[in-house]
Amino acid sequence: MVRGTHLDAVIVGAGFAGLYQLLCLRDRLGLKAQVLEAGGDLGGTWYWNRYPGARCDSESHAYRYFFSRELAEEWESTERYPGPAEIRAYLDHVARKFDLRRDIRFNNRVVSAQFDEAAKHWRIETESGERCTATWLVTAVGCLSSANVPTIPGLDAFKGRWYHTGQWPHEGVDFRGKRVGQIGTGSTGIQAAPVIAETAAHLTIFQRTANYSVPARNAPLAPEFQRWTREHFEQIREIAQSTVNGHAFRIEERNVADVTPAERQAIYEAAWEKGGLQFRATFKDLLTDRAANATAAEFLKARIRATVKDPATAEALADIDHPYSAKRPPIDTDYFETFNRPNVTLVNLRKDPIERITLQGICTRTQEHPLDIIVFATGFDALTGPLLRMDIRGRGARSLREDWKAGPETYLGLQVPGYPNFFTITGPGSPSVLTNMPVAIEQHVEWITDCIAHARRNGVQTVEPLADAAREWGERVQEAARATLLYDAKHSWYFGANVPGKPQVFMPYAGGMHRYRKICEGIAAQGYQGFVMARA
Ligand SMILES: Cc1cc2nc3c(=O)[nH]c(=O)nc-3n(C[C@H](O)[C@H](O)[C@H](O)COP(=O)(O)OP(=O)(O)OC[C@H]3O[C@@H](n4cnc5c(N)ncnc54)[C@H](O)[C@@H]3O)c2cc1C
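Reading the values: the criteria
- Residues numbered from 1 in each chain as written.
- Predicted model: local features only at pLDDT ≥ 70, side-chain atom pairs only at ≥ 80, totals over all residues.
- Heavy atoms only, no water.
- Helix = DSSP H or I, 4+ residues; strand = E, 2+ residues; numbered from the N terminus.
- Buried < 20%, exposed > 50% of the residue type's maximum accessible area, 1.4 Å probe, protein only.
- Axes fitted to C-alpha atoms, helices over the stretch in contact; angles between N-to-C directions.
- Parallel < 35°, antiparallel > 145°, perpendicular 65-115°, else oblique.
- Contact = heavy atoms within 4.5 Å.
- Pairing = 2+ DSSP bridges.
- Salt bridge = Lys/Arg side-chain N within 4 Å of Asp/Glu carboxyl O.
- Near = heavy atom within 4 Å.
- Polar contact = N/O pair within 3.5 Å; in protein donor to acceptor, adjacent residues only side chain to side chain.
- Areas by Shrake-Rupley, 256 points an atom, 1.4 Å probe, with all protein chains shown as cover.
- Expected span 1.5 Å × (residues − 1).
- Phe/Tyr/Trp six-rings, centres within 6.5 Å; stacked < 30°, edge-to-face > 60°.
- Lys NZ or Arg CZ within 6 Å of the ring centre and 35° of its normal.
- Bend = angle between axes of the 7 residues up to and from the residue.
- Core = buried A, V, L, I, M, F, W, Y, C linked by side-chain atoms within 4.5 Å.
- Disulfide = S-S within 2.5 Å.

Draft legend 1. Quick look at unusual backbone geometry. Positive phi, close to 65 degrees, is recorded for Leu383, a residue that is not glycine. By the secondary structure assignment, Leu383 is in the loop between β16 (373-376) and α12 (385-388). The phi angle at Thr426 is positive, at roughly 50 degrees, despite the residue not being glycine. Relative to the assigned elements, Thr426 resides in the loop between β18 (422-424) and α14 (437-457). With relative accessibility at 6%, the residue Thr426 sits in the buried group.

Spelled out as structure tokens, the structure:
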């Protein structure tokens, strides 16, 4: 970044969101735009998350951009679920095709952004002290990019090595002959454990919250399927852009009560065999009706008990305290089978909590577990974390950290009152993490691009939402969550419950991507209702 440069737009982050936003603002609107990225290369999530077993849970024919048929024809996914290297290669291909790298500055972490009311632009500063100004500031910082390392006393003095899965060393970690402790059994922990166990001398898995998981059944893609996805690009896009969660499969129209118990069992068996997130699409009321959900929960718990040989371990793994899919639903490759290995032990933290980390390992209430390596699969300060790590200041130098003390307040997850010309791609209050994210990202990027184009066409200098519009939207976000069982899992990261001191507010919009898209389109069609478009 050149000190003192003025740009039309600064985009923060070079993952799926930042790359497409750059393409749209630079090539479609002709703006002078630049991406500032903290990491050393593009990829976002897939640049940082290179832990053993890391893999996308969305299927490869849906986890991609849909804005270009040509791009879809050029790119061949090799597996049902792409891993980090393949996703990075895909994004690199996109960057080359559209010549994006020339406007991306890597190793540039934005630390502050302040709106200058007189000049009507943003003053942006990076960690190394470089500065620039921009009329439009678009954050593409991701929902899951702020690693959450729990504050356990003693970690600083631990003699072994420790790693967070979301900041995994690029050269990899050698577990051979090592005693490894893994804290966390969410989507990431469930992916990592089977792979770590293959080489570690011993793996101790520390579980606070037991979790459901459905087999992913990853496999190389058959050439016929690859051809089918190319030939059916428009149909796949149509499904992904019209479903509740942006995946390329529809949720069945039936309710659990519409079928007999025997039919239900057969449906669950078939979905289990097929594997993947489609399990939750078997019935339309799984996420809204407790009794319906309980049938899926019981099926999955029975699978755990049937797989895990040691009855006490099986019980601890099946002792799940939330409805199926109320927390992010993992999919796995041999997760529960891993507990049958002689070199794997489960520690149930509900019964035997961690007290401290010692020089040699982890001490729970009843014993010390000697370890060489600790792996934190403890997730992220989700949705608000990446935004609040920056010091963002709007009108009158008001601070986003202060304004969001009681929880995030946005209009559509796109803008914040008091912060003109500031857009958040997949911000809190949008469907974001409840979707197959590239689909949500494309919708946001295109909406933001259209909004900026509209402003420029009409001589508008600042765009920001009305406080009332944001307040009302916040109420709709809570209402939408309350209508689902997502609201039952109060300890989920959707509520911010995994980060001590974080306000406990349900953050993503749970009303469905299809509904959200229509709302955004309607608002734009009515002249950007709820937004103030100021000409002076
Ligand atoms: C392990 C894991 C598995 C996932 N699996 C799926 C899945 O199966 N399906 C799915 O849809 N989604 C999945 N996700 C969510 C995933 O984050 C999104 O799919 C997608 O990658 C988001 O793209 P993005 O560009 O919005 O954000 P990111 O990919 O998170 O990129 C944000 C970028 O912003 C940069 N950044 C942040 N703050 C700053 C700053 N202050 N200054 C400069 N740069 C900054 C970061 O370094 C990062 O590179 C997964 C996430 C994780 C962590």
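There's more to say after this.
Draft legend 2. Molecular detail of the packing of α14 against helix α16 (residues 513-525). Taken N-terminus to C-terminus, the directions of α14 and α16 make an angle of 0 degrees; their axes are 11 Å apart at the nearest point. Relative to α16, the element α14 is oriented roughly parallel. Within the contact between the two elements, α14 uses Val439, Ala440, Gln443, His444 and Trp447 and α16 uses Met513, Tyr516, Arg517, Cys520 and Ala524.

Draft legend 3. Structural view of the sheet that holds strand β15 (residues 368-370). One open sheet holds the three strands; their spatial order is β13-β14-β15, and the pairing between them is antiparallel. The open sheet is flanked by β13 (354-357) and β15, the only strands paired with a single partner. Neighbour-to-neighbour, the strand axes of the sheet open up by a mean angle of 25 degrees, direction not taken into account.

Draft legend 4. The arrangement of the pairing of strand β4 (residues 110-116) in detail. Among the seven residues in β4, five count as buried, and that is most of the element. For β4 and strand β5 (residues 121-126), the ladder comprises six bridges, and the chain directions are antiparallel. Bridged to Val110 within β5 is Thr126. In this antiparallel pair of consecutive strands, β4 and β5, the connection spans four residues, and Lys120 shows a positive phi of 60 degrees. Pairing analysis gives three bridges linking β4 to strand β17 (residues 391-393), with the strands arranged parallel. By the bridge assignment, Ala113 is partnered in β17 with Ile392.

Draft legend 5. Here's a closer look at the pattern of salt bridges. Applying the stated criterion across every chain, the model contains 32 salt bridges. Taken together, the shared-partner salt bridges connect Arg26, Asp27, Asp99, Arg102 and Asp103 into one network.

Draft legend 6. View of the site of the ligand. Around the ligand, the surrounding shell holds 35 residues, and the nearest of these are Glu37, Thr45, Asp57, Tyr63 and Met437. Within the contact set of the ligand, an oxygen atom lies 2.6 Å away from a side-chain nitrogen or oxygen of Tyr63. Between the ligand and the protein, one listed contact pairs a nitrogen atom with a side-chain N or O atom of Arg328 at 3.3 Å. Contact with the protein chains hides 96% of the accessible area of the ligand, taken as 980 Å² for the molecule alone.

Draft legend 7. Up close: helix α1 (residues 16-28). Helix length check: α1 (13 residues) gives 17 Å between terminal C-alpha atoms against 18 Å at 1.5 Å per residue, within 8%. Burial of α1 is extensive: eleven of the 13 residues sit out of reach of the surface. Looking at α1, one finds that the buried residues are Phe16, Ala17, Gly18, Leu19, Tyr20, Gln21, Leu22, Leu23, Cys24, Leu25 and Arg26. Following α1 by one or two positions, Gly30 adopts a phi angle in the positive range, close to 75 degrees.

Draft legend 8. Molecular detail of the packing of aromatic side chains. The tally for this structure, following the rule as stated, stands at 41 aromatic pairs. Within the aromatic cluster, the residues linked to one another by ring pairs are Phe16, Tyr20, Trp46, Tyr63, Tyr65, Phe67, Trp75, Tyr90 and Phe98. The ring of Tyr487 carries Arg482 above its face, with NZ or CZ at 5.8 Å from the centroid.

Draft legend 9. Highlighting helix α5 (residues 187-199). Considering bend angle alone, the principal kink of α5 is centred on Ala193 and spans about 30 degrees; proline Pro194 follows within four residues of it. Those residues of α5 that fall on the buried side of the exposure criterion are Ser187, Thr188, Gly189, Ile190, Gln191, Ala192, Ala193, Pro194, Ile196 and Ala197.

Draft legend 10. Expanded view of the nonpolar core. In terms of nonpolar packing, the biggest core is built from 80 residues, with Tyr65 and Leu412 touching the most fellow members. Tallying contributions element by element places α14 first for this core, with nine residues. The contact partners of Tyr65, leaving out residues within four places of it in the chain, are Gly15, Phe16, Leu19, Tyr20, Leu71, Tyr90, Leu91, Val94 and Glu442. Listed in part, the 53 residues of the second largest apolar core include Tyr212, Ala216, Trp272 and Ile304.

Draft legend 11. Main features of the state of the cysteines. Under the definition given, this model contains zero disulfides. Among the cysteines around Cys56, which has no disulfide bond, Cys143 carries the closest sulfur, lying 14 Å off. Judged by relative accessible area, Cys56 falls into the buried class, the value being 4%.

Draft legend 12. Local environment of the side chain of Asp381. On the secondary structure map, Asp381 appears in the loop between β16 and α12. Residue Asp381 is classed as buried on the basis of its relative accessible area of 16%. In this structure the side chain of Asp381 is engaged in a polar contact, spanning 2.6 Å, whose partner is the side chain of Lys502. Aside from chain neighbours lying at most four places away, what touches Asp381 is Cys143, Ser146, Asn148, Pro386, Val499 and Lys502.

Draft legend 13. Representation of the sheet that holds strand β7 (residues 161-164). Taken in spatial order, the five strands line up as β7-β16-β8-β9-β12 in an open sheet, and their pairing is parallel. A strand with exactly one partner marks an edge of an open sheet, and here the two such strands are β7 and β12 (344-348). Strand-to-strand twist across the sheet, computed as the mean angle between neighbouring axes with direction ignored, equals 20 degrees. Pairing between strand β8 (residues 179-183) and β16: four bridges, direction parallel. Following the sheet pairing, Val180 is matched in β16 by Ile373. In this fold α5 packs onto β8, β9 (202-207), β12 and β16, with an angle of close to 170 degrees to the strand it touches most, β8.

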